[in-house]
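Now for the letters of each chain:
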Amino acid sequence: MTDCLFCKMVAGEIQPDVVYENEQVLAFRDLNPQAPTHVLVIPKKHIATLNDLQGEDTALAGALFHAAKEVARIDNIAERGYRTVVNCNAEAGQTVFHLHLHVLGGRPMGWPPG
Ligand code: 5GP
Ligand code: ZN
């Protein structure tokens, strides 16, 4: 998708602050962090929302969580705790329509989320 912000990051047209990368996923720091650690983990393949995840993407979905775990290890928040969030569509507040897993940590988290 040429007009997708996160696809431009995958293509190297925009250079985010990368924390972790492998063949399937890219993880980079959020521009507007909501916690000391706020990293977005994205599939390199364009998938607009969680609703668009197909059966063939099951391994890719697992790769997102595996990368989230690696991010937590890299930022040294794995033991104290962290949160992963996927916002899907308008009511959840999704603003970028390329699937992404937020990894948030480094401060206490409230529940329920807003
Ligand atoms: P959403 O609201 O769709 O779940 O999350 C989108 C996230 O992307 C937001 O947390 C927002 O701060 C982040 N974001 C938007 N534009 C950019 C950008 O250009 N660079 C980075 N690193 N993050 C961005
Ligand atoms: Zn995209």
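Fair warning: this is a prediction, and the values are worked out from it, not measured in the lab. (Residues numbered from 1 in each chain as written. Chains lettered and ligands numbered in written order. Predicted model: local features only at pLDDT ≥ 70, side-chain atom pairs only at ≥ 80, totals over all residues. Heavy atoms only, no water.)

Asks: Mind laying out the sheet that holds strand β1 (residues 18-21), listing which residues take part and the relevant values?
Replies: Judged by pairing direction, the sheet is antiparallel, and its five strands sit side by side in the order β1-β2-β3-β5-β4 without closing on themselves. In this open sheet, the two edge strands, each paired with only one partner strand, are β1 and β4 (82-85). Ignoring strand direction, the axes of neighbouring strands in this sheet form an average angle of 20°. The sheet contact formed by β4 and strand β5 (residues 101-105) spans four bridges and is antiparallel. Bridge pairing in β5 places valine 85 opposite histidine 102. Along the sheet face, helix α2 (residues 58-74) touches β1, β2 (25-29), β3 (37-43), β4 and β5 and points at about 155° away from the line of β3. (Pairing = 2+ DSSP bridges. Helix = DSSP H or I, 4+ residues; strand = E, 2+ residues; numbered from the N terminus. Axes fitted to C-alpha atoms, helices over the stretch in contact; angles between N-to-C directions. Contact = heavy atoms within 4.5 Å.)

Asks: Run through the packing of aromatic side chains, naming residues and quoting values.
Replies: Counted according to the given criterion, the structure contains one aromatic pair. When the centroid spacing of 5.3 Å and the interplanar angle of 75° are considered together, the rings of phenylalanine 6 and phenylalanine 28 count as edge-to-face. Pair noted here: phenylalanine 6 is in helix α1 (residues 5-11) and phenylalanine 28 is in strand β2, with a separation of 22 residues, a long-range link. (Phe/Tyr/Trp six-rings, centres within 6.5 Å; stacked < 30°, edge-to-face > 60°.)

Asks: I'd like a rundown of the site of ligand 1, residues and numbers included.
Replies: Around ligand 1 lies a shell of 16 residues, among which Asp30, Asn87, Thr95, His100 and His102 are the nearest. Note that a nitrogen atom of ligand 1 is positioned 3.2 Å from one of the backbone N or O atoms of leucine 31. Here asparagine 87 contributes a side-chain N or O atom positioned 2.9 Å from an oxygen atom of ligand 1. Taking 520 Å² as the accessible area of ligand 1 by itself, protein coverage stands at 81%. Put simply, ligand 1 lies in the largest pocket. (Near = heavy atom within 4 Å. Polar contact = N/O pair within 3.5 Å; in protein donor to acceptor, adjacent residues only side chain to side chain. Areas by Shrake-Rupley, 256 points an atom, 1.4 Å probe, with all protein chains shown as cover. 1 Å grid on protein atoms, 1.4 Å probe; cavity = no way out; pocket = protein on both sides within 12 Å on 5 of 7 lines; lining within 4 Å. Sits in = over half its atoms within 2 Å of the grid points.)

Asks: Account for the coordination of the zinc ion (ligand 2), naming residues and giving values.
Replies: Summarising the metal site, the zinc ion (ligand 2) is bound by the protein donors Cys4 (SG), Cys7 (SG), His46 (ND1) and His98 (ND1), whose distances to it range over 2.0 to 2.3 Å. Because the angles between the four donor atoms bound to the zinc ion (ligand 2) fall within 106 to 117°, the donor set is best described as tetrahedral. Counting the intervening residues between successive donors of the zinc ion (ligand 2) yields the motif C-x2-C-x38-H-x51-H. In this pair, cysteine 4 is assigned in the segment before α1 and histidine 98 in the loop between β4 and β5, connecting sequence segments 94 residues apart. (Donors = N, O, S within 2.8 Å, 3.2 Å for Na, K, Ca; no water. Tetrahedral: all angles 85-135°; square planar, octahedral: opposite > 155°, others 65-115°.)

Asks: Report on the pairing of β5, specifying residues and quantitative values.
Replies: Where burial is concerned, most of β5 is hidden: five out of the five residues are buried. Burial along β5 is two-sided: Leu101, Val103 and Gly105 facing one way and His102 and Leu104 facing the other are all buried. (Buried < 20%, exposed > 50% of the residue type's maximum accessible area, 1.4 Å probe, protein only.)

Asks: Can you break down α2 residue by residue, with the values?
Replies: Under the 1.5 Å per step criterion, the end-to-end length of α2 is 25 Å for 17 residues, consistent within 8% with the ideal 24 Å. All of the buried residues along α2 are Leu60, Ala61, Ala63, Leu64, Ala67, Ala68, Glu70, Val71 and Ala72. Contact partners of the buried residues in α2: β1, β2, β3, β4 and β5. Just beyond α2, the residue with positive phi is asparagine 76, at close to 60°. (Expected span 1.5 Å × (residues − 1).)

Everything listed here is a matter of coordinates, which is why it stays silent on function.
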